[in-house]
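# Residue-level structural notes
Chain residues, written in single-letter form:
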Amino acid sequence: MNWESWQAFWAMGGYGLYVWGSFGMTLLCLVGEVGLLRRHRLQVWRRLKRMQTWDSQ
């Protein structure tokens, strides 16, 4: 598609709010998923360290 200006590009033929809102929500979900995965990984490492110290006692 060819847009005559940046404003027309961002408006997306009247569907800009839907299009860019969808992109924004997808990005938010991806960032949230990465954050949750990092937090879960840290919890697993802590649990493994505790299990290791219990085994060595």
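Each value, and the rule that gives it
Residues numbered from 1 in each chain as written. Predicted model: local features only at pLDDT ≥ 70, side-chain atom pairs only at ≥ 80, totals over all residues. Heavy atoms only, no water. Helix = DSSP H or I, 4+ residues; strand = E, 2+ residues; numbered from the N terminus. Rg over C-alpha atoms; globule rule 2.2 N^0.38 Å. Areas by Shrake-Rupley, 256 points an atom, 1.4 Å probe, with all protein chains shown as cover. Phe/Tyr/Trp six-rings, centres within 6.5 Å; stacked < 30°, edge-to-face > 60°. Buried < 20%, exposed > 50% of the residue type's maximum accessible area, 1.4 Å probe, protein only.

### Comments concerning the overall build of the protein
When helices and strands are tallied, the protein shows 2 helices and 0 strands. A globule of 57 residues ought to have a C-alpha radius of gyration of about 10 Å, yet the protein, at 22 Å, is considerably larger. Overall, the protein is about 70 × 15 × 15 Å in size when its C-alpha atoms are taken along their principal axes. Carbon together with sulfur atoms contributes 65% to the accessible area of the protein, which is approximately 5,800 Å² in total.

### Remarks on the packing of aromatic side chains
Summed over the entire model, instances satisfying the criterion amount to 6 aromatic pairs. Ring centres 5.6 Å apart and planes at 90° place the aromatic pair W6 and F9 in the edge-to-face group. Residue W6 and its partner F9 are both found in helix α1 (residues 6-11); the two are separated by 3 residues, about one turn of the helix. Given the relative accessible area of 22%, F9 is considered partly exposed. An aromatic cluster is built from W6, F9, W10, W20 and F23, whose rings are joined through pairwise contacts.

### Describing unusual backbone geometry
For M12, which is not a glycine, the phi torsion comes out positive at approximately 50°. Of note, M12 is situated in the loop between α1 and α2 (16-56).

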